[in-house]
Amino acid sequence: MRASDDAAGSPFAGAASNSGRRHAGDGFGLDDPDIRSACSSEALNPAGDQRLLLPSSHEISEIIGCLEIADGASEAESAKAQLRRAQEVLSLVIENVPDAIIVKDVHSRCYTMFNHAAETLIGKARADVIGKTAEALYPDGYLQIVEKEDEELLEKGELLIDDHEIFFHGMAPRIVTLNRKVLRDVYGEPQFMLAVIHDITERKRAEERIAYLARHDSMTGLPNRATFNERLAVAIARGARLAVLSIDLDRLKEINDMFGHAAGDRLIVEVANRLSAAAGEAFVARLAGDEFVVIAVDAGDRSSLASLANRLSDFAAAELMIEGAKCRPSLSIGVAVFPDDAQDATALLANADAALYRAKAEGRSVSRFFERGMDMRVRDRRALRHDLNFAIERDELSIHYQPNTKLSGEIIGFEALLRWRHPQRGWVSPADFIPAAEESHLIVEIGEWVLRRVCQEAATWPRPLCVAVNLSPVQFQYGDLVQLVHTILLETGLPPNRLGLEITEGVLIQDSARALTVLRRLKALGVRIVMDDFGKGYSSLSYLQLFPFDKIKIDRDFVHNVCQNSQSAAIVRAVMGLAQAIGLPVLAEGVETEEERDFLRTVGCDEMQGYLIGRPCPIEHYAAELGRLSSAGAAVAS
Ligand code: C2E
Ligand code: MG
Ligand code: MG
């Protein structure tokens, strides 16, 4: 049988007929030195180096054709069998390669090879393509591009085109990496044009989606805090007068309490749409829960800003129905102007917040401009920072532990979470005191205290469970973190593989070269490095490429919304897809309900943390899980 008889089921076709150099009827036998040399490795690889060269399909067909003439000789039979086997293997490999492989003849420009992946990508059977030219695959407008590429390929010998948008007949455009090469015969003459097409459409879409979602609030589609910060920095750098309007949606909590969170979410989305409509040219973002912000560039005088604030309030206040009840949303607004009220972005936003604070204190539903003396919150933060100085020595800090589990609930470790009980204020949220500690760099000392305490504690656990400690970006900038971790591990005897260090994007944003060096050295100690709050900031994807994290934790805002919000579900799915592709374990934070757990199961996430399984508590609360209780439930002395 000639190789070409098998064309329909093989990626090869028309190969024998494309080879014009020798023919079966020419009367060559196996003893013919020309045939021997054609089969020799030197002929197949004239460069004589160690590269593996498979005979091309037309070479094989040609040689088999010649060998058939020498029928009868046993040497010829075995050589034929070997060549057929080589062709079968080659065929099998090409059929199973996940990338599309397409070959066309240089002279006729007709396709001669079209593998299974090409059929799938292009949606055409090879029988409809082999022997045809590019018109069979590409629509009119795109054909000229293909022809130009062919010319360029012939000129250069090879082409690599990344992120290439490609159009096939009757198919949505695909994004591919296109690798093309001219295949030459042993005399160096171009014979075929090879195209290997790697389809990256789905990956690109997932990346674009994640990039979009990372810069936008998933519930309302408005720009998020990261985008707002960026926009404000750019506007301030231009130096033009501008205003920031800090906006709170009044009484959202009451709506949530009365009608449930789904109703509260609908209200937020509606108000977001109204704000966008009322703001006109101004930039609107959602920072968190009920907090929105507007940047009015080239802001006019106070009266034009007051009318912008009124317009926002009026639009928001149109009546709407929530769970059958009439509702008129109202806004509290604080306004601060650059450069009159503040000289930089942070102070401008803080002052708009101070004005908002005043508006709310005055009974809500009003707008207030910033005035000196309003920066109460700023001063409050200063007081907090001052008090924090004494927190360690006054023994006001403690650590709570929250379980990390498999989806089944089986505990695999704990996250250590810092707590501060202020003598007058009571429990202060880490969301308030950690930033204050970072501003004063006190977090370096506090972080050391936490790390030592946690490692001492975990080293006493009867079960060798893991423990995770959060690190602040400031700890990477000041002090010798690697030395500290090393010393504490030695001091406490905790095996390094039981310690996880959680970092957020902030670590990599500030001085990524230095941070990466520190991370690599930490990893070399044997501790695990975990990316925390994944998806919350922006450009998270690029950070995953920068460093081989041991795990990522999907931010609780996404997890919390998966059952109500299709965008959050989409981002969790996309993150899972990417993580699975690079073999990175994923833990979902903030799991509060069985529905959320079910969702995570369906997307293949296998670790979680959240109130559903256990809240952050003093370690004594988890004594049984640590193996400190006997089977009868009595505490074992530790
Ligand atoms: P994180 O590292 O992402 O910690 C998880 C946060 O989610 C904790 O908030 C935890 O109480 C909360 N959480 C866990 N499960 C659920 C749930 O099911 N629902 C909801 N709504 N929340 C849940 P927490 O303790 O307030 O800590 C906030 C952040 O403060 C932490 O976020 C971490 O970034 C930071 N932090 C806490 N302790 C330390 C520390 O020792 N050092 C540093 N640098 N940062 C810390
Ligand atoms: Mg954490
Ligand atoms: Mg987190």
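The paragraphs below set out a description of the structure included in this document. (Residues numbered from 1 in each chain as written. Chains lettered and ligands numbered in written order. Predicted model: local features only at pLDDT ≥ 70, side-chain atom pairs only at ≥ 80, totals over all residues. Heavy atoms only, no water.)

### Let's talk about the sheet that holds strand E12 (residues 367-369)
The five strands lie next to each other as E7-E8-E6-E11-E12, forming an open sheet whose pairing is mixed. Only two strands of the sheet have a single neighbouring strand rather than two, namely strand E7 (283-288) and E12. Taken over all neighbouring pairs, the strand axes of this sheet differ in orientation by 20° on average, direction set aside. Examined bridge by bridge, strand E6 (residues 242-249) and strand E8 (residues 291-297) share seven bridges and lie antiparallel to one another. What sits directly across from Val 244, in E8, is Ile 295. Packed onto the sheet, helix H9 (residues 225-238) meets E6, E7, E8 and strand E11 (331-338) and runs at close to 135° relative to E7. (Pairing = 2+ DSSP bridges. Helix = DSSP H or I, 4+ residues; strand = E, 2+ residues; numbered from the N terminus. Axes fitted to C-alpha atoms, helices over the stretch in contact; angles between N-to-C directions. Contact = heavy atoms within 4.5 Å.)

### A few points about the site of ligand 1
Taken together, 22 residues sit near ligand 1, with Arg 419, Asp 532, Arg 556, Glu 592 and Tyr 611 positioned nearest. Within the backbone of Leu 418, one N or O atom sits 3.1 Å away from a nitrogen atom of ligand 1. Take Arg 556: an N or O atom from its side chain is 2.6 Å from an oxygen atom of ligand 1. Within the complex, 85% of the 800 Å² of free accessible area of ligand 1 lies under protein. Mapped onto the shell around ligand 1, the elements with two or more residues apiece are strand E14 (411-422), helix H15 (430-439) and strand E18 (528-534). Counting residues per element, the shell around ligand 1 draws most heavily on E14, at four residues. Its residues assigned to classes, the shell around ligand 1 comprises nine nonpolar, five polar and eight charged. (Near = heavy atom within 4 Å. Polar contact = N/O pair within 3.5 Å; in protein donor to acceptor, adjacent residues only side chain to side chain. Areas by Shrake-Rupley, 256 points an atom, 1.4 Å probe, with all protein chains shown as cover. Nonpolar A, V, L, I, M, F, W, Y, C, P; charged D, E, K, R; others polar.)

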